[in-house]
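Each chain, written out:
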Amino acid sequence: MHQPEPSTGLRHRTVDAPAGRLHLVEQGAGPLVLLVHGFPESWYSWRHQLPALAAAGHRAVALDVRGYGRSSRPSATREYRMRALVEDNLALVHALGERTAVIIGHDWGANIAAASALLHPEVFHAVGLLSVPYTPPGGPRPSDVFARMSGGQGAGEQEFYVSYFQEPGRAEAEIEPDVRGWLAGFYAALSADTMPAPGQPDPHFVSGGGTLRERFPADRLPSWLTEADLDHYAGEFERTGMTGALNRYRNMDRDWEDLADLDGSPLTQPSLFVGGALDASTTWMADAIDAHPATLPGLLSSHILDGCGHWVQQERPREVNRLLTSWLAKVAPPAPRR
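Figured I'd write up the structure that's included with this text. (Residues numbered from 1 in each chain as written. Predicted model: local features only at pLDDT ≥ 70, side-chain atom pairs only at ≥ 80, totals over all residues. Heavy atoms only, no water.)

Scanning the protein chain from N- to C-terminus turns up 15 helices and 11 strands. Relative to a compact globule of 338 residues, whose C-alpha radius of gyration would be 20 Å, the protein chain shows 19 Å and is just as compact. Taking the principal axes of the C-alpha coordinates as reference, the protein chain spans close to 65 × 45 × 40 Å. For the protein chain, buried positions account for 55% of its 338 residues. When the accessible surface of the protein chain is totalled, it reaches about 13600 Å², and 51% of it is carbon and sulfur. (Helix = DSSP H or I, 4+ residues; strand = E, 2+ residues; numbered from the N terminus. Rg over C-alpha atoms; globule rule 2.2 N^0.38 Å. Buried < 20%, exposed > 50% of the residue type's maximum accessible area, 1.4 Å probe, protein only. Areas by Shrake-Rupley, 256 points an atom, 1.4 Å probe, with all protein chains shown as cover.)

Here is the structure:
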């Protein structure tokens, strides 16, 4: 199925995959670059990168991850474990008639990209990570770590958002009555120009008996997010519901078990990391970034963007596009133009 958009050059397709079907949007021709989004987003979070990568001589493909957008949404929670998502990416590359790809991910997509490259280095020959640094499989059980971060769930205690998301139905009950309003607040809470000031309640935690939204900024959008952008994201989640997206969080212990045989494994392919200086993913995980010389021995390009929050490729599209195309010219050079 092809659905060209002549005004933009974007082509929508669905392909068969273990999920059932995967929806993707592609632009350009040349070496394949697979773009994997995070939570709570869709292929649309790469709207600024698709034309830039295509113009640089690449076949840029952004997918809706299993459970999102127009891709299939299996009902069983375990169908969202990491190995299943990796198999989707593998099937997508083959469905596009390619043998290899560069894979780039943001947020959860960075974890999915890293796992794809770790499990299938013969296919994913270079990997780019945005916002979330690489951490090898292993370590303590994730649910135990998040429980310690939460510090309890009694009155006056704070619960870490991951633990909150892991309980089936709980976050859905908060989000789904007003998807658009919740998304607007979530995006604003993690954006450089709208995030809560230091000393204000941290939006990564839930107060005892409260909701995440109570800590989100209200009635203002970050500068990178237009009303039309928000309408797109909200429309997708209003149609699909939030469970498919949240199921990624509900498989973290299962992933820990599934990838135990790769405990401590470095990611050796040529790699890139880009994070925002004001993003908790980079500040809380500073030790992981410091460890990249050992865990990402193929790291060619690493950048922390001053004054940038979590949504790096949307907050700083021109800068991220420049970094991506420069790195891609080294790891997947396009064919010379005649």
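Further notes follow.
The geometry of helix α7 (residues 179-189) relative to helix α8 (residues 227-240) is characterised by a closest axis approach of 9 Å and an angle of 125 degrees between their N-to-C directions. Our classification of the angle between α7 and α8 gives oblique. Pair α7 / α8 crosses with right-handed handedness. Note on element contacts: α8 touches α7 through Glu227, Leu230, Asp231, Tyr233, Ala234, Phe237 and Glu238, opposite Val179, Arg180, Leu183, Ala184 and Tyr187. Across the contact of α7 with α8, the residue classes break down as eight nonpolar, no polar and four charged. (Axes fitted to C-alpha atoms, helices over the stretch in contact; angles between N-to-C directions. Parallel < 35°, antiparallel > 145°, perpendicular 65-115°, else oblique. Left-handed = near helix turned anticlockwise from the far one by under 90°. Contact = heavy atoms within 4.5 Å. Nonpolar A, V, L, I, M, F, W, Y, C, P; charged D, E, K, R; others polar.)

Looking at the element boundaries, Arg47 is found in the loop between β4 (32-36) and α1 (49-55). Among the polar contacts made by the side chain of Arg47, one reaches the main-chain carbonyl oxygen of Tyr44 at a distance of 2.9 Å. At a separation of 3.5 Å, a polar atom in the side chain of Arg47 contacts the side chain of Tyr233. Excluding its chain neighbours within four sequence positions, the residues that come into contact with Arg47 are Trp224, Asp229, Tyr233 and Gln314. (Polar contact = N/O pair within 3.5 Å; in protein donor to acceptor, adjacent residues only side chain to side chain.)

Its place among the elements puts Asp88 in helix α2 (residues 82-95). Not counting residues up to four positions away in its chain, the partners in contact with Asp88 are Ala17, Pro18, Ala19, Leu22 and Arg66.

This part is about the pairing of strand β6 (residues 101-106). In terms of residue burial, β6 counts as a mostly covered element, since six of its six residues are buried. By the alternation rule, side chains of β6 split into Ala101, Ile103 and Gly105 and Val102, Ile104 and His106, which are all buried. Two elements, β4 and β6, share four bridges in a ladder whose sense is parallel. Residue pairing in the sheet places Leu35 in a bridge with Ile104 of β6. When β6 meets strand β7 (residues 124-130), the two strands line up parallel, connected through six bridges. Pairing of His106 across the sheet is with Leu130, part of β7. The handedness of the β6 to β7 crossover, carried by helix α3 (residues 108-119), is right-handed. (Pairing = 2+ DSSP bridges. Right-handed = clockwise from strand over helix to strand, strands pointing away.)

Our next topic: the layout of surface pockets. Taken as a whole, the largest pocket holds about 1400 Å³ of empty space. The wall of the largest pocket is formed by 48 residues, among which Asn111, Thr135, Phe146, Met252 and Met285 lie closest to the centre. Counting only elements with at least two residues in the lining of the largest pocket, the list comes to α3, α4 (142-150), α5 (161-166), α10 (252-258), α11 (280-283) and α12 (286-290). When residues in the lining of the largest pocket are grouped by element, the largest group, six residues, is from α3. Of the residues that constitute the lining of the largest pocket, the class distribution is 34 nonpolar, eight polar and six charged. (1 Å grid on protein atoms, 1.4 Å probe; cavity = no way out; pocket = protein on both sides within 12 Å on 5 of 7 lines; lining within 4 Å. Points joined across faces, edges and corners; volume = space filled by probe spheres on them.)

Moving on, we come to the pairing of β7. Extensive coverage of β7 is indicated by the burial of six of its seven residues. With four bridges connecting them, β7 and strand β10 (residues 271-276) associate as parallel partners. Looking at the pairing, Leu130 lines up with Val274 of β10.

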